[in-house]
Amino acid sequence: MKAITLVVALLIEHFLVSLVATAQTIQVDITPSHSTNHFVPNQTLGAGIDRIPVAAIDKDFVEPNLGRALASGWQPVTYRQNTELLVEAWHWNPRGTWSDPSGKGYFTGSTDSTDFIRYSYGYPLPRRGFTRNDGTDNAGFSRLTDGDLNTYWKSNPYLTQRFTGESDALHPQWVVVDLAQIQQVDSIRVAWAAPYAIHYLVQYWTGDDPIKLPTRGTWQTFPHGAVASGKGGSETLRLSDHPLPVRHLRIWMTESSNTCDPRASSSNLKSDPRNCVGYAIDELYIGTMTADGDFHDIVRHTPDQEQTTTYCSSVDPWHEPANLLSTKQAQVGFDLFFTSGVTRGLPAMIPVAVLYDTPENAAAEIAYLKKHNYPISYVEMGEEADGQFTLPEDYAALYLQSATAIHKVDPTLKLGGPSFTGENKDIEVWPDANGKVSWTGRFIDYLKQHGRMNDLAFFSFEHYPYDPCRIPWGSLYDEPDLVSHILQTWREDGVPADVPMFITESNLSSAASETSLDLFAGLWLADYIGSFLNAGGNGVYFFHYLPLQMEHGCNDSPGTFGMFTVDSAYNIQQPLSQFFASQLINLEWVQPGASEHQMFPAKSDIDDGAGHTLVTAYALERPDGQWSLMIVNRDQQNARKVQIVFQDQASGGADFFSGPVDTSVFGRDQYQWHPAVTEFMAHAERSAARSVEVNIPGKAEPDGPIEHKTETAEKHTEYDLPAASITVIRGKLGASR
């Protein structure tokens with residue numbers, strides 16, 4: 001029996017060795033008409049910079065950190081606009097003017113100030129109606145259920161007829177209340193502020209979650225929930241004769257009283273039309289009413305995240321200086337951004353705030369940049385409108401108002417959006433009157449109906465493909481299909497073929513973890529960039545360009561979106577796997593600079609027997625005459641040998657690398673991440689400490705460099721692909737084309 005076992009083991013070993021030793025094939029289709037894309041690296045392959053700690057700004061925009069980041073090879077920069085996610089107004093210039101001379105209201109940054117702008121800040125909006133959304137999951141609160149009748153939610157005045165030029169009924173404003181579980185409801189009390197709703201509906205949801213699953217249910221109006229002549233004040237409605245089981249409730253407002261806020265503090269503010277349009281609510285109460293008229297409220301009223309959760313359609317960008325909570329985090333000031341060297345002197349993608357700011361402030365920002373001769377490639381309009389649960393018609397109306405204001409400053413600027421959150425499928429919303437649920441489709445429809453498609457010079461979205469905390473190795477197999485599918489989806493939704501597609505922010509997942517530090521993250525990055533370009537994408541930005549400290553990430557593990565680990569003073573300690581992957585993409589695969597590259601389809605015949613391609617390849621014809629392949633071996637355990645064949649279906653010929661070939665390899669022999677050692681504590685030893693503490697930080701060992709070698713290639717050359725690796729092979733073909 002032992003002898004038989006030994007023979008079987010030897011046969012298995014022989015099979016595995018032969019599997020590695022037997023070359024398989026990567027075929028590159030170099031038929032000229034089959035090119036999948038063409039691009040210029042210093043316009044296409046970029047990185048993003050977001051709001052970061054002030055200490056990080058002070059260290060990352062100077063040497064040596066800046067030089068280390070630039071060594072990754074990313075070219076253009078997109079400036080991310082984080083204040084939109086947090087329901088804040090953006091003071092891109094700390095100096096400016098308020099609409100109310102007393103020093104509050106609507107802020108417009110100065111176009112003439114000569115102070116060097118090093119930092120800029122976001123001011124939380126005091127008329128907020130969100131408990132939480134995709135940017136405020138654990139910060140701030142809604143004024144609709146905060147228990148304070150001196151605070152209130154108010155909708156965005158720029159969504160009213162005075163500013164849109166169309167009926168308010170085309171931009172209904174709404175608030176949604178989540179009671180957390182099914183409750184018996186027959187009554188509501190609305191403490192209206194001014195202006196208040198004259199026409200509105202009170203409705204309940206028939207499905208599970210109207211915010212996250214907006215097509216899996218319908219809004220039903222309560223039997224007595226239609227109000228045609230609202231009077232304002234504290235209005236109590238008996239919604240039904242008998243209590244109904246309800247979890248989610250909506251107030252859908254279609255006509256305003258257009259009355260001014262009596263609490264306005266000055267004659268200037270009272271006369272400001274923005275103070276007199278839209279809808280405002282002090283507080284909401286929901287529950288049941290007894291036969292004797294007593295109202296029994298089930299809403300929790302508290303000014304924190306434990307309040308009864310509410311969502312809203314929009315928020316008035318009115319605010320005041322006292323709303324600034326902290327200056328420890330900042331958007332980098334434009335003067336520092338453009339003069340530090342981080343842009344390499346290339347035009348940068350610049351954001352304007354749209355959802356929670358004013359067209360006047362957006363236009364002033366552009367005027368400031370133009371006066372300082374700072375080069376702008378594109379202007380991205382707002383940030384993650386879908387994550388703010390903004391309906392597409394509302395975003396489109398705000399988009400066009402800002403576009404009009406900006407183009408008065410410079411009619412040549414290329415504007416775009418909507419900078420979607422990282423979704424892998426079509427974004428759906430409650431159906432419109434025609435039953436259409438596609439957010440993108442309705443946004444495009446609005447622009448077309450208003451004759452403004454020329455104002456959409458690009459379509460932008462973010463890419464965070466994997467669910468936080470759930471990223472098995474097999475997720476790597478999904479990436480090419482995920483990114484190509486979402487590009488196809490936007491086109492099918494109506495984005496015209498001549499409108500470029502940009503991914504303006506991207507990484508593995510919306511939450512950092514040790515996965516982002518592992519070799520896995522580097523392999524994903526190479527596969528993602530290659531797949532996006534192969535699918536016809538026009539511009540892509542890695543996030544985050546600058547070194548950042550570790551965040552507390554998924555499963556209580558540390559992680560970072562940056563390419564380095566740093567100490568408490570932001571001194572770089574180690575490069576991470578995505579730094580080396582970035583170098584392979586930007587310095588080895590492509591020829592850096594301003595010359596055009598042609599991309600061609602490539603595929604391998606290596607799979608896992610279950611339909612998953614284990615080796616992906618991305619082929620370029622570079623302007624220097626070389627052919628360059630970036631090859632990702634996604635097999636964790638097995639190295640491969642491959643032959644590479646270039647086929648021209650038009651001529652029927654085949655070709656091969658010939659002569660000197662440069663090979664660059666990054667895999668486990670070059671990089672291994674060793675996770676942090678952590679300890680669980682049943683009860684924290686310090687106030688508010690986490691239940692999991694890091695005792696020994698994680699580290700990479702080995703930690704690069706990329707392995708480079710040159711070999712002489714001919715027709716039958718076999719190329720080694722180590723297990724779990726990225727390999728760039730670059731050289732010339734034997735026959736001239």
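Here, the structure is the one placed above.
Residues numbered from 1 in each chain as written. Predicted model: local features only at pLDDT ≥ 70, side-chain atom pairs only at ≥ 80, totals over all residues. Heavy atoms only, no water.

Draft legend 1. Geometry of the sheet that holds strand 34 (residues 627–633). Overall, antiparallel pairing links the seven strands, which are arranged 2-31-33-34-44-37-42 in an open sheet. A single partner strand is all that each edge strand has here, and the edge strands are strand 2 (37–39) and strand 42 (707–713). The sheet shows a mean angle of 20° between the axes of neighbouring strands, taken without regard to direction. With three bridges connecting them, strand 2 and strand 31 (residues 597–600) associate as antiparallel partners. Each bridged residue has a counterpart across the sheet, and for His38 the counterpart in strand 31 is Gln598. Running at roughly 10° to strand 44 (residues 725–733), helix 13 (residues 577–589) makes contact with strand 31, strand 33 (615–621), strand 34, strand 37 (657–666), strand 42 and strand 44 of the sheet. (Pairing = 2+ DSSP bridges. Helix = DSSP H or I, 4+ residues; strand = E, 2+ residues; numbered from the N terminus. Axes fitted to C-alpha atoms, helices over the stretch in contact; angles between N-to-C directions. Contact = heavy atoms within 4.5 Å.)

Draft legend 2. Main features of the packing of helix 9 (residues 392–409) against helix 10 (residues 439–449). Interaxial distance between helix 9 and helix 10 falls to 8 Å at its minimum, and their mutual angle equals 40°. The angle between helix 9 and helix 10 falls in the class oblique. Pair helix 9 / helix 10 crosses with right-handed handedness. Every residue of helix 10 that contacts helix 9 at Pro392, Glu393, Tyr395, Ala396, Ala397, Tyr399 and Leu400 is listed here: Trp439, Arg442, Phe443, Tyr446 and Leu447. Looking at the contact of helix 9 with helix 10 residue by residue, the class counts come to ten nonpolar, no polar and two charged. (Parallel < 35°, antiparallel > 145°, perpendicular 65-115°, else oblique. Left-handed = near helix turned anticlockwise from the far one by under 90°. Nonpolar A, V, L, I, M, F, W, Y, C, P; charged D, E, K, R; others polar.)

Draft legend 3. Geometry of the side chain of Glu384. Here Glu384 is to be found in the loop between strand 22 (376–381) and helix 9. Notably, Glu384 is buried but unbridged: the nearest opposite-charge side chain belongs to Arg80, and the N-O separation is 6.2 Å. Residues in contact with Glu384, not counting those within four places in the same chain, are Leu85, Pro418, Ser419, Phe420, Thr421, Glu462 and Glu505. (Buried < 20%, exposed > 50% of the residue type's maximum accessible area, 1.4 Å probe, protein only. Lys, Arg positive; Asp, Glu negative; His and termini not counted. Salt bridge = Lys/Arg side-chain N within 4 Å of Asp/Glu carboxyl O.)

Draft legend 4. Just the pairing of strand 16 (residues 244–256), in detail. With nine bridges joining them, strand 11 (residues 173–185) and strand 16 adopt antiparallel strand pairing. Each bridged residue has a counterpart across the sheet, and for Gln183 the counterpart in strand 16 is Val246. In terms of strand pairing, strand 13 (residues 197–205) meets strand 16 through seven bridges, oriented antiparallel. The residue of strand 16 that forms the bridge with His199 is Glu255.

Draft legend 5. Inspection of the packing of aromatic side chains at higher detail. Within this structure, the stated rule accounts for 45 aromatic pairs. Linked through ring pairs, Tyr395, Tyr399, Phe420, Trp439, Phe443, Phe459, Phe461 and Trp490 together constitute an aromatic cluster. The ring centre of Trp430 lies 4.8 Å from the NZ or CZ of Arg250, which sits over that ring. (Phe/Tyr/Trp six-rings, centres within 6.5 Å; stacked < 30°, edge-to-face > 60°. Lys NZ or Arg CZ within 6 Å of the ring centre and 35° of its normal.)

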